[in-house]
Amino acid sequence: MTLRARLYFGLLGTLLLLVSTLSRAHEITPTIIEMEVLPDNSLEMRVDTNLEALMSEIGTKHADTDNAPTAEQYNQLRALSTDELSTKADPFVVKLFNQITLASTDGPVTKSLLSTDLAVIDQPDIDLARQSLVTYRFTVDLASSEITFSWPEAYSDAVVRLSEQGEIKGASWVAAGTQSEAINLSRLELKRQGLLDYVKRGFEHILPLGLDHILFVLGLYLLSQRLKDLLWQVTAFTAAHTLTLALAILGLVNIPPYIVEPLIALSIVYVAIENLFKDRVSKSRIGLVFGFGLLHGLGFAGVLREIGLESDSFVESLIAFNIGVELGQLATLVIAHLLVGYWFSSKAFWNRWVRIPLSLGISLLGAIWFVERVFY
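**Regarding the overall build of the chain**
Across its full length, the chain carries 11 helices and 11 strands. In the chain, buried positions account for 49% of the 376 residues. Contacts in the chain between residues far apart in sequence, at least 24 positions, make up 75% of those at least 6 positions apart.

**Observations regarding the packing of helix α6 (residues 211–223) against helix α8 (residues 257–274)**
In a packed pair of helices, the relevant descriptors are the angle between the two axes and the axis-to-axis distance. Contact geometry for α6 and α8: axes closest at 9 Å, N-to-C directions at 25°. The angle between the axes of α6 and α8 places the two elements in the roughly parallel class. Considering the relative orientation of α6 and α8, their crossing is left-handed. Residues Asp212, His213, Leu215, Phe216, Gly219 and Leu220 of α6 form the contact with α8, whose own contacting residues are Glu261, Ile264, Ser267, Ile268 and Val271. Taken together, the residues of the contact of α6 with α8 break down into six nonpolar, three polar and two charged.

**Some remarks on the sheet that holds strand β9 (residues 167–174)**
What holds strands together in a sheet is hydrogen bonding between their backbones, with the strands either parallel or antiparallel. Taken together, six strands build an open sheet; the order of strands is β5-β6-β2-β1-β8-β9 and the sheet is mixed. This sheet does not close on itself; its edge strands, each paired only once, are β5 (111–120) and β9. Taken over all neighbouring pairs, the strand axes of this sheet differ in orientation by 20° on average, direction set aside. The sheet contact formed by strand β8 (residues 158–164) and β9 spans seven bridges and is antiparallel. Bridge assignment links Arg161 to a residue of β9, and that residue is Ala171.

**Looking at the packing of aromatic side chains**
Aromatic ring pairs are defined here through the distance separating the ring centres and the angle between the ring planes. Scanning the entire structure with this criterion turns up 10 aromatic pairs. Between the aromatic rings of Phe216 and Phe292, the centroid separation amounts to 6.2 Å while the plane-to-plane angle is 90°, which identifies the pairing as edge-to-face. Placement of Phe216 in helix α6 and of Phe292 in helix α9 (residues 283–307) is noted, with a sequence separation of 76 residues between them. The pair Phe216 / Phe292 is uniform in exposure class, with both members buried. Taking the centre distance of 5.0 Å and the plane angle of 90° together, the rings of Tyr342 and Trp343 count as edge-to-face. Each member of the aromatic cluster is reached from another via a ring pair, and the members are Phe92, Phe149, Trp151 and Tyr155. Directly above the aromatic system of Phe97 lies the positively charged group of Lys111, at a separation of 4.7 Å from the ring centroid.

**Some remarks on a nonpolar patch on the surface**
Together, Ile255, Tyr258, Ile259, Leu263 and Leu266 make up an exposed nonpolar region whose accessible area comes to about 450 Å². Checked against the element boundaries, Ile259 lands in helix α8. Residue class for Ile259 comes out partly exposed when judged on its relative accessible area of 35%.

**Observations concerning the pairing of strand β7 (residues 146–150)**
The buried fraction of β7 amounts to four of the five residues, a majority that puts the element mostly inside the structure. Looking at chain direction, β7 and strand β10 (residues 183–184) are connected through two bridges and run antiparallel. Following the sheet pairing, Glu146 is matched in β10 by Asn184.

**Thoughts on unusual backbone geometry**
Peptide bonds are mostly trans, and most non-glycine residues show a negative phi. The backbone of Asn41 shows a phi angle near 70°, a positive value even though the residue is not glycine. Here Asn41 shows up in the loop between β1 (31–37) and β2 (43–49). With a phi angle near 55°, Glu57 is a residue other than glycine that sits in the positive phi range. Along the polypeptide, Glu57 turns up in the loop between α2 (51–55) and α3 (71–78).

**Thoughts on the pattern of salt bridges**
In total, this model carries 11 salt bridges according to the counting rule given. We note a salt bridge from Asp212 to Arg373, for which the minimum N-O separation is 3.2 Å. Of this pair, Asp212 sits in helix α6 while Arg373 sits in helix α11 (residues 350–375), and the two are 161 residues apart along the sequence. One exposure class covers both Asp212 and Arg373, and it is buried. For Arg226, the salt bridge identified is with Asp229, shortest N-O distance 3.6 Å.

**Quick word on helix α4 (residues 82–99)**
For α4, with 18 residues, the first-to-last C-alpha span of 24 Å sits near the 26 Å given by 1.5 Å per residue. In the structure, α4 departs most strongly from a straight axis at Ala89, where the bend amounts to approximately 45° and where the proline Pro91 lies between one and four residues downstream. Along α4, the residues classified as buried are Thr82, Leu85, Ser86, Ala89, Phe92, Val93, Leu96 and Phe97. Lining the buried residues of α4 we find α2, α3, β5 and β6 (132–140).

Parameters at a glance
In this convention, every chain numbers its residues from 1, walking through the sequence in written order. Since the coordinates come from a predicted model, pLDDT governs what is reported: local features require at least 70, and pairs of side-chain atoms require 80 or more to be given and counted, while whole-chain, interface and lining totals use all residues. Side-chain measures were taken over the full set of non-hydrogen atoms in the model, leaving aside hydrogen atoms and water. Numbered from the N terminus, helices here are DSSP runs of H or I no shorter than four residues, and strands are runs of E no shorter than two. Summary of the burial criterion: residues with accessible area below 20% of their type's maximum are buried, those above 50% are exposed, and those between are partly exposed, where the area comes from a 1.4 Å probe applied to protein chains only. Contacts: residue pairs with any heavy atoms within 4.5 Å of one another. Every angle, taken between N-to-C directions, lies between 0 and 180 degrees, and every axis is a line fitted to C-alpha atoms, over only the stretch in contact when it is a helix. Should an angle lie under 35 degrees it is considered roughly parallel, over 145 roughly antiparallel, and from 65 to 115 roughly perpendicular; all remaining angles are considered oblique. Handedness of a helix crossing follows the sense of rotation of the near helix relative to the far helix, less than a right angle counterclockwise being left-handed and clockwise being right-handed. Gly falls in the polar group here, along with every residue not listed as nonpolar (Ala, Val, Leu, Ile, Met, Phe, Trp, Tyr, Cys, Pro) or charged (Asp, Glu, Lys, Arg). Each pair of strands is called paired provided DSSP finds at least two bridges between the two strands. Here a Phe, Tyr or Trp ring, Trp counted by its six-membered ring, pairs with any other such ring whose centre lies within 6.5 Å, and the pair is stacked when the planes are under 30 degrees apart, edge-to-face when over 60, and tilted otherwise. Remark: a charge is flagged as sitting over a ring if the NZ atom of Lys or the CZ atom of Arg is within 6 Å of the ring centre and within 35 degrees of the ring normal. Only residues whose relative accessible area exceeds 30% and that form no salt bridge enter a patch; like-charged residues are grouped when within 9 Å of one another, and nonpolar side chains (Val, Leu, Ile, Met, Phe, Trp, Tyr) when within 5 Å. We get accessible surface area from the Shrake-Rupley algorithm with a probe of 1.4 Å; when it comes to residues, only the shown protein chains can shield them. Any carboxyl oxygen of Asp or Glu that lies within 4 Å of a side-chain nitrogen of Lys or Arg is treated as forming a salt bridge with it. Each helix should span, by expectation, one fewer than its residue count multiplied by 1.5 Å. By definition, a residue's bend is the angle between the axes fitted to the seven residues ending there and the seven starting there.

Right, here's the structure in full:
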């Protein structure tokens, strides 16, 4: 290997390592807010969130915390110990409660706070986001049992769920700065999400949020850019993840994320490494893609469980989410083709300077994720 090639691969590996660290450690995930009506008719609201991101007002428009104007403030908060953050966050926890807006058809709902509890989950690795759980118990003065939820746009997206004795009764995605669908507290139900909402959530889980799924699809693309080869691989992948997504949501398959997520990372490694030794799509390749698709379907199921499915339109909602996932995958292939494949795939240097280096980079990134997901 020439010195130039060594420098090239070294730079590529360093860049991918940096991308890996940023994409996994500094991403903003939606806050999960779970509401429950207690026996004494008070409400309990459990806010599972990245508290430091809320305190420094890093919203969803900043996919990476280091790109936000308040990145320095966030990093200072992240450097605090669990006890130090709990102490510093006390005033903010009260402020947050006041900024959460519940409204009925008659206007804003008056909330009377009864108790507050904050639990900061210890995360020794300062490069990884730390989760906190804020629990509010309060009363409300309601003329109507239907309310809506909203909070400032700076606090990012949220998933609002209703529960009863640990069982989720309904869920709704609330985009940053918007108002939720109507929540009926007496019947513990949320107004149903539209099918287009599920399509959008599925698409977003690929682009821009699903970097591991994006790299897997790119691995498929790099082996062969022929439409027939791509259709065989994508069809096998789609059929497989649709199957396990449905089985997991129905509760017929339940494999913990700490098993599924490392295996998804390994699937990325394998597909990328195989690209170094093959230059065409074989039946064995299609079979492997189908097997790996089963794993990715279990990964999609975790996101869909957070959002929730409408019980009386289960099949339609599941199909809509899956359509969104497929559109995200197709968009990934189109972007890859327009940026790279269309211009260079027929060139003599394609294999040496594009397909092989990118496949090596993808395999390296998958290996890093595998280590992170197993040990951290």
